[in-house]
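Chain residues, written in single-letter form:
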Amino acid sequence: MAQKLLEIRKLTAGFATEKGLLKATDGISLTVNKGQTVCIVGESGSGKSVTSLAIMRLIDYAGGMILEGSIDFHGQDLGKKTQEEMRGIRGNQIAMIFQDPMSSLNPVFTIGEQIAESLRLHQNKKDAEALKLAVDLIRLVGIPAPEIRAKQYPHELSGGMCQRVVIAIALACNPELLIADEPTTALDVTVQAQILDLLRKLQSELGMSILLITHDMGVAAEMADRIAVMYAGAIVEEGGVEEIFDHPSHPYTVGLLQSIPGFEGGRGGELYTISGTIPPIGQLPAGCRFHPRCPHAMDICRSEEPPDFMITGDHRTACWLFKDKPGSADTSREAKRA
Ligand SMILES: Nc1ncnc2c1ncn2[C@@H]1O[C@H](COP(=O)(O)OP(=O)(O)OP(=O)(O)O)[C@@H](O)[C@H]1O
Ligand code: NI
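Residues numbered from 1 in each chain as written. Chains lettered and ligands numbered in written order. Predicted model: local features only at pLDDT ≥ 70, side-chain atom pairs only at ≥ 80, totals over all residues.

1. Re the overall build of the chain
Item 1. Along the chain, the regular secondary structure elements total 13 helices and 12 strands.
Item 2. The globule rule puts the C-alpha radius of gyration for 338 residues at 20 Å, and the 21 Å found for the chain is close to it.
Item 3. Along the first, second and third principal axes, the C-alpha atoms of the chain reach 65 × 50 × 45 Å.
Item 4. Residues classed as buried in the chain amount to 42% of the 338 residues present.
Item 5. When contacts within the chain are restricted to residue pairs at least 6 apart in sequence, long-range pairs at least 24 apart make up 60% of them. (Helix = DSSP H or I, 4+ residues; strand = E, 2+ residues; numbered from the N terminus. Rg over C-alpha atoms; globule rule 2.2 N^0.38 Å. Buried ≥ 20, exposed ≤ 12 C-beta atoms within 10 Å, placed from the backbone. Contact = placed C-beta atoms within 7 Å.)

2. Here we look at the pairing of strand β3 (residues 37-41)
Item 1. Taking burial as the measure, the five residues of β3 include five buried ones, the bulk of the element.
Item 2. Burial of the side chains of β3 extends over both faces: Thr37, Cys39 and Val41 are buried on one face and Val38 and Ile40 on the other.
Item 3. As defined by bridge partners, β3 adjoins strand β8 (residues 209-214) across five bridges and the pair is classed as parallel. Paired with Cys39 across the two strands is Leu212, which belongs to β8.
Item 4. Bridging between β3 and strand β9 (residues 226-231) involves four bridges; their strand directions are parallel. Considered in β9, the bridge of Cys39 is made with Ile227. (Pairing = 2+ DSSP bridges.)

3. Comments concerning the nonpolar core
Item 1. By size, the foremost hydrophobic cluster in this structure holds 91 residues, and its most contacted members are Ile115, Ala168 and Val229.
Item 2. The greatest single-element share of this core, amounting to nine residues, is contributed by helix α7 (residues 159-171).
Item 3. Looking at which domains feed residues into this core, each of domain 1 (108-166) and domain 2 (248-337) supplies at least three.
Item 4. With near-sequence residues (within four places) excluded, Val229 lies in contact with Val41, Gly42, Ile235, Val236, Glu237, Glu238, His250, Tyr252, Thr253 and Leu256. (Core = buried A, V, L, I, M, F, W, Y, C linked by C-beta atoms within 7 Å. Domains from an automatic or database assignment.)

4. Considering the UniProt feature "domain: ABC transporter" (unreviewed entry) in the chain
Item 1. Mapped onto this numbering, the UniProt entry annotates "domain: ABC transporter" (unreviewed entry) at residues 8-257.
Item 2. Secondary structure within residues 8-257 divides into 41% helix and 28% strand; the distance between the first and last C-alpha atoms comes to 26 Å. (UniProt positions renumbered as here; feature names shortened; annotations may be inferred.)

5. Notes on the sheet that holds strand β7 (residues 177-181)
Item 1. The strand order across the open sheet formed by eight strands is β6-β7-β8-β3-β9-β10-β12-β11, and the pairing between neighbours is mixed. Looking at strand neighbours, the two that pair on one side only are β6 (94-97) and β11 (309-312), the edges of this open sheet. Along the sheet, successive strands turn relative to each other by an average axial angle of 20°, direction set aside.
Item 2. Lying over the sheet, helix α11 (residues 251-258) contacts β3, β9 and β10 (234-240), oriented at roughly 105° with respect to β9. (Axes fitted to C-alpha atoms, helices over the stretch in contact; angles between N-to-C directions.)

6. A look at the confidence of the model for the chain
Low pLDDT means the predicted atomic positions in that stretch should not be read closely.
Item 1. A residue-level look at the chain finds 93% of positions with pLDDT of 70 or above and a mean pLDDT of 91.
Item 2. Note on residues 329-338: pLDDT is under 50 here. Beyond four places in sequence and across chains, it has eight contacts.
Item 3. Reported confidences for the modelled complex are a pTM of 0.93 and an ipTM of 0.98. (pLDDT = per-residue confidence, 0-100.)

7. Here we look at the site of ligand 1
Item 1. Taken together, 17 residues sit near ligand 1, with Ala24, Ser44, Lys48, Ser49 and Val50 positioned nearest.
Item 2. Within the residue set of the shell around ligand 1, elements represented by two or more residues are β1 (4-17) and α1 (48-56).
Item 3. The residue inventory of the shell around ligand 1, partitioned by class, reads six nonpolar, 10 polar and one charged. (Near = placed C-beta within 6 Å. Nonpolar A, V, L, I, M, F, W, Y, C, P; charged D, E, K, R; others polar.)

8. Here's the deal with the packing of α7 against helix α8 (residues 189-206)
Between two packed helices, what matters for the description is the angle formed by their axes and the separation of those axes.
Item 1. The contact between α7 and α8 brings their axes to 10 Å, and the two run at 20°. Taken together, α7 and α8 sit at an angle that is classed as roughly parallel. Judged by the sense of rotation from one axis to the other, the crossing of α7 with α8 is right-handed. Of α8, the residues touching α7 (which contributes Gly159, Gly160, Gln163, Arg164, Ile167 and Leu171) are Val191, Gln194, Ile195, Leu198 and Leu202.
Item 2. Split by residue class, the contact of α7 with α8 holds six nonpolar, four polar and one charged. (Parallel < 35°, antiparallel > 145°, perpendicular 65-115°, else oblique. Left-handed = near helix turned anticlockwise from the far one by under 90°.)

9. A few points about the packing of helix α4 (residues 111-123) against helix α5 (residues 127-140)
Item 1. In contact at an axis separation of 8 Å, α4 and α5 are set at 115° when each is read in the N-to-C sense. As the angle between them shows, α4 and α5 are arranged roughly perpendicular. In terms of crossing hand, the pair formed by α4 and α5 is right-handed. In contact with Gly112, Ile115, Ala116, Leu119 and Arg120 of α4, α5 contributes Ala130, Leu131, Leu133, Ala134, Val135, Leu137 and Ile138.
Item 2. In terms of residue class, the contact of α4 with α5 is made up of 10 nonpolar, one polar and one charged.

10. Describing the environment of His122
Item 1. For His122, the position within the fold is in helix α4.
Item 2. Setting aside its immediate chain neighbours within four residues, His122 contacts Gly91, Asn92, Ala172 and Cys173.

Below, the structure is given as structure tokens:
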């Protein structure tokens, strides 16, 4: 039996704005098991980063807040922790890396010092030992000549090398969960592939879980055990990576897959894009949030929000097309009756 590490239940997070309280995530549920990579995929503005900031409770510092739901990590609700308690969890049990490695590094300290600082802070290592272990970590993340690199400053390294350093800093605390928000988006394609390889290798060696946020279905295909497709604040489809690619069910997922160049469901090499744009937060349409862009929209889609329908035991989709499909069960309604 897979062991749950992180279980998000009906999480709604948002921002107090002059237009009122706006929900950036709207009742999302998601589980990450031990040793698993779960990808959240979706267009810009779908609420992926807000989800990760809410888990880390960094959303509090971005002017946002958790409005409803729970974030269960080791039987404790992160949504109810104080910031002081969260400081003990952030960078220890949960580490996070972001898109732009340069902004995560301090320009005035050598990379060896920065990794050593993380080891001192999180693993109580003394100065000399911390510096030695920092060199080991630089080697572990695949940077050649680690002793020399340890003495260099961030500006002396390429973007890809800097992202390896950021990963080394994250690993210095031996996290159980690594949250990576678009960790390769700022890098060019070959370097991107190398960083993804590195994350995969580290995961299999260290056994950590990864929550990977990406707008790129190709990245998700390579990395994910499970994929959660997010649209306008909601997870509209979620399942194992093969299920999602072999049996995509939500029309939004199908659209995302068709926009991958060369994908077999794609339109003969011609790059397909989903027509229309994602609604800004606070301006959701009635009914299904995707219906204005959906090629299959029916009357019910314009008036009623679809619940999650189960397609197989662990593949769900929030689309009315799957209401009467054999094998699908309307779980949320059952839940409501119970
Ligand atoms: N501090 C904030 N105040 C108000 N609204 C915000 C704030 N941060 C994010 N939002 C809004 O929340 C929604 C979700 O944003 P989020 O950054 O999570 O999207 P994303 O899926 O990560 O997109 P991207 O791929 O561009 O990073 C967007 O509509 C965004 O404008
Ligand atoms: Ni984002």
